[in-house]
Amino acid sequence: MKIEAIDLFYVALPKIERSADGTQDSLVVRVRTDNGLEGWGECDASPLVSMAAYVMPMSHSNIINIREALLGETLDSPEDVIRLRAKAGEYGLDIQQLDHAVAGADIALWDVLGKHLGEPVWKLIGHDASYKKLPYASVLFGDDPAETRSIAESIIKRDFRAAKFGWGPMGKGYLEDDIALVQAARDGLGPYAKLMVDAGVIWGDNVDAAYQRAVAFANLDVTWLEEPLRSEEVGAYKELSDRVRANGISIGIAGGEGADFYRSADDMMTNAGLDFVQIDVGRIGGITEAKRVADRAHELGIQYVNHTFKSHLSVAASIHVFAGYEEFDLTEYPAGESPLILGLTEPTGIFRDTDGFVRASEAPGLGVEANLDAIRQYQRHVKMEIDGQALFKSDEP
Ligand SMILES: [Mg+2]
């Protein structure tokens with residue numbers, strides 16, 4: 001089949017709050033082919049910056065937009081998706097945010113190819129099976145311990161068996177404040193649920209501050225401390241994880257969501273001493289690149305976990321990436337209030353089975369469709385013009 005159209009939909013809630021909640025807006029990408037199929041993908045980045053990467057005029061041979069790289073191309077096999085992902089990378093070598101933007105198209109290419117061949121994406125990318133994953137409810141800390149505790153209680157009422165709290169006030173006060181927040185999360189979840197803490201890069205390169213928290217949180221049975229340091233502080237990460245291990249502190253060190261191309265993820269896996277590598281399929285350039293990281297993590301004995309703070313379109317895409325690795329048994333599952341989390345997909349979200357697990361679908365493609373009514377409801381209409389000539393105008397879904 002031939003790629004006939006790449007459509008871009010910028011969806012956003014009416015009011016965007018200044019919080020670390022990535023589920024307030026999105027860029028959704030649709031790939032249409034000449035045999036009437038369509039595939040859907042999502043980028044995790046500024047929607048308008050990514051949109052420009054699809055339509056801006058050529059600057060030179062290393063700045064050619066993503067649409068140009070894909071339109072009219074042949075798409076019949078997994079090799080074609082991998083070739084097209086590389087082609088878009090070459091065309092856009094010097095485009096800022098190229099990897100974030102092309103992620104949406106890459107995911108949509110896998111989706112439409114799966115529908116064409118009648119296979120789920122996890123099979124096309126080389127997995128033999130789709131193993132169950134325990135979804136952890138991923139939420140932000142409340143503004144104080146009391147609010148955090150009530151969020152934790154609501155997660156247990158919704159039958160989750162694992163939760164991650166992140167950002168908010170963590171690291172903005174004293175050590176005691178941070179402990180009180182995590183204690184409140186643990187109290188609300190009870191003793192049996194898994195608890196993870198996401199520090200949101202708050203301690204920069206301060207290994208001592210991060211180590212103190214690692215010790216304190218380990219006492220509250222926290223599975224991992226995520227992004228205690230900035231992504232680029234690879235040496236500081238290594239110092240922290242070495243110190244945690246040398247002193248027998250029982251907590252994992254997690255990071256990697258900041259990796260927006262394969263090589264930076266590989267750098268963190270090789271040099272940062274991570275126990276968990278967290279990769280965002282909507283940032284690192286799509287399923288093609290995320291699968292390379294999952295394979296490498298498997299070789300290195302590091303647990304791959306998806307980072308996802310977008311809609312369930314991204315959750316679906318993420319689970320295919322590591323579906324066949326039984327030991328990678330946790331999956332991030334956005335559980336906040338944004339109507340875009342569940343609303344953007346049909347059926348509504350990735351269903352948990354009766355035991356509370358999720359797994360990549362057996363259906364062709366990703367196994368979810370975009371919900372056109374939700375796109376219509378939240379779509380922001382964009383028109384880009386140069387010298388009065390239309391460069392881009394939002395399509396109707
Ligand atoms: Mg995080």
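Just above sits the structure.
Residues numbered from 1 in each chain as written. Predicted model: local features only at pLDDT ≥ 70, side-chain atom pairs only at ≥ 80, totals over all residues.

Enquirer: Would you mind going over the overall build of the protein chain with me for this structure?
Expert: Summing up its helical and strand segments, the protein chain has 14 helices and 15 strands in all. Over its C-alpha atoms the protein chain spans a radius of gyration of 21 Å, differing by no more than 12% from the 21 Å that the globule rule assigns to 397 residues. With respect to the principal axes defined by its C-alpha atoms, the protein chain has extents near 60 × 45 × 40 Å. (Helix = DSSP H or I, 4+ residues; strand = E, 2+ residues; numbered from the N terminus. Rg over C-alpha atoms; globule rule 2.2 N^0.38 Å.)

Enquirer: Could you clarify how one ought to interpret helix H4 (residues 98–117) in this entry?
Expert: Since one α-helical turn is 3.6 residues long, residues separated by three or four positions face the same way. Taking 1.5 Å per residue as the helical rise, H4 with its 20 residues ought to reach 28 Å, and the 28 Å between its terminal C-alpha atoms agrees with that figure. Along H4, the sharpest change in direction is near 25° and occurs at Gly104. Counting buried positions along H4 yields 18 of 20 residues, so the element is predominantly enclosed. Among the residues trailing H4, Gly118 stands out with phi positive, at a value near 70°. (Expected span 1.5 Å × (residues − 1). Bend = angle between axes of the 7 residues up to and from the residue. Buried ≥ 20, exposed ≤ 12 C-beta atoms within 10 Å, placed from the backbone.)

Enquirer: Whenever I open this one, the packing of helix H3 (residues 78–91) against H4 confuses me. Can you help?
Expert: Axes are the key here: two packed helices are described by the angle between their axes and the distance separating the axes. Interhelical geometry of H3 versus H4 gives an angle of 160° and a closest axis separation of 10 Å. Between H3 and H4, the crossing angle belongs to the class labelled roughly antiparallel. Crossing of H3 over H4 shows right-handed handedness. Residues Val81, Leu84, Arg85, Ala88 and Gly89 of H3 form the contact with H4, whose own contacting residues are Leu98, Val102, Ala105, Asp106, Leu109, Trp110 and Leu113. Residue classes in the contact of H3 with H4 are distributed as nine nonpolar, one polar and two charged. (Axes fitted to C-alpha atoms, helices over the stretch in contact; angles between N-to-C directions. Parallel < 35°, antiparallel > 145°, perpendicular 65-115°, else oblique. Left-handed = near helix turned anticlockwise from the far one by under 90°. Contact = placed C-beta atoms within 7 Å. Nonpolar A, V, L, I, M, F, W, Y, C, P; charged D, E, K, R; others polar.)

Enquirer: Teacher, can you tell me more about the sheet that holds strand S3 (residues 38–43) here?
Expert: Strand pairing in a sheet takes place through backbone hydrogen bonds and is either antiparallel or parallel in direction. Taking strand neighbours across the sheet as the criterion, the three strands line up as S1-S2-S3 in an open arrangement whose pairing is antiparallel. Bordering the open sheet on either side are strand S1 (3–12) and S3, each of which pairs with just one other strand. This sheet shows a mean twist of 20° between the axes of neighbouring strands, independent of strand direction. In the sheet, S1 pairs with strand S2 (residues 25–33) via nine bridges, with the strands oriented antiparallel. Bridged to Ala5 within S2 is Arg32. Relative to S1, helix H1 (residues 47–55) is tilted by about 165°, and along the sheet it contacts S1, S2 and S3. (Pairing = 2+ DSSP bridges.)

Enquirer: Help me out: how do you make sense of the nonpolar core in this one?
Expert: Nonpolar side chains tend toward joint burial in soluble globular proteins. One finds Val28, Ala105, Leu109, Ala163, Leu225 and Val277 to be the most contacted residues of the largest nonpolar core, which totals 121 residues. Considering each element in turn, this core owes the most residues, eleven residues, to H4. Looking at which domains feed residues into this core, each of domain 1 (3–119 + 372–393) and domain 2 (124–366) gives three or more. With residues near it in sequence (within four places) discarded, Val28 still touches Phe9, Val11, Trp40, Glu42, Gly104, Leu313, Leu344, Ala370 and Ile375. (Core = buried A, V, L, I, M, F, W, Y, C linked by C-beta atoms within 7 Å. Domains from an automatic or database assignment.)

Enquirer: Sorry, what's going on with the pairing of strand S14 (residues 383–386) here?
Expert: Each regular strand shows side chains that alternate between the opposite faces of the sheet. When S14 meets strand S15 (residues 389–393), the two strands line up antiparallel, connected through four bridges. Residue pairing in the sheet places Glu385 in a bridge with Ala390 of S15. Connecting S14 to the next strand, S15, in antiparallel fashion are two residues, including Asp387 with a positive phi near 50°.

Enquirer: What am I meant to see in the packing of helix H10 (residues 262–271) against helix H11 (residues 287–300) here?
Expert: Where H10 contacts H11, the two axes come as close as 10 Å, and the packing angle between them is 15°. Overall, the two elements H10 and H11 adopt an arrangement that is roughly parallel. By crossing handedness, the relation of H10 to H11 is classed as right-handed. Here Tyr262, Ala265, Asp266 and Met269 of H10 lie close against H11, whose contacting residues are Glu289, Arg292, Val293, Arg296, Ala297 and Leu300. Among the residues forming the contact of H10 with H11, the class breakdown is six nonpolar, no polar and four charged.

Enquirer: Just to check I follow, could you spell out the sheet that holds strand S6 (residues 194–198) for this structure?
Expert: As summarised here, the arrangement of the eight strands in space is S10-S9-S8-S7-S6-S5-S4-S11, forming an open sheet in which the pairing is parallel. Every interior strand has two partners, whereas the edge strands, strand S10 (303–306) and strand S11 (330–334), have only one. For this sheet, the mean inter-axis angle between neighbouring strands, taken without regard to orientation, is 25°. Of the strand pairs in this sheet, S6 and strand S7 (residues 222–226) are connected by three bridges, and their pairing is parallel. Residue pairing for S7: Leu195 is matched across the bridge by Val222. The strands touched by H11 are strand S9 (276–279) and S10; relative to S9, the strand with the most contacts, the crossing angle is about 175°.

Enquirer: Help me understand H11, please; the structure alone is not making it clear to me.
Expert: For H11, with 14 residues, the first-to-last C-alpha span of 20 Å sits near the 20 Å given by 1.5 Å per residue. For H11, every residue scored as buried is listed here: Ile287, Thr288, Glu289, Ala290, Lys291, Val293, Ala294 and Ala297.

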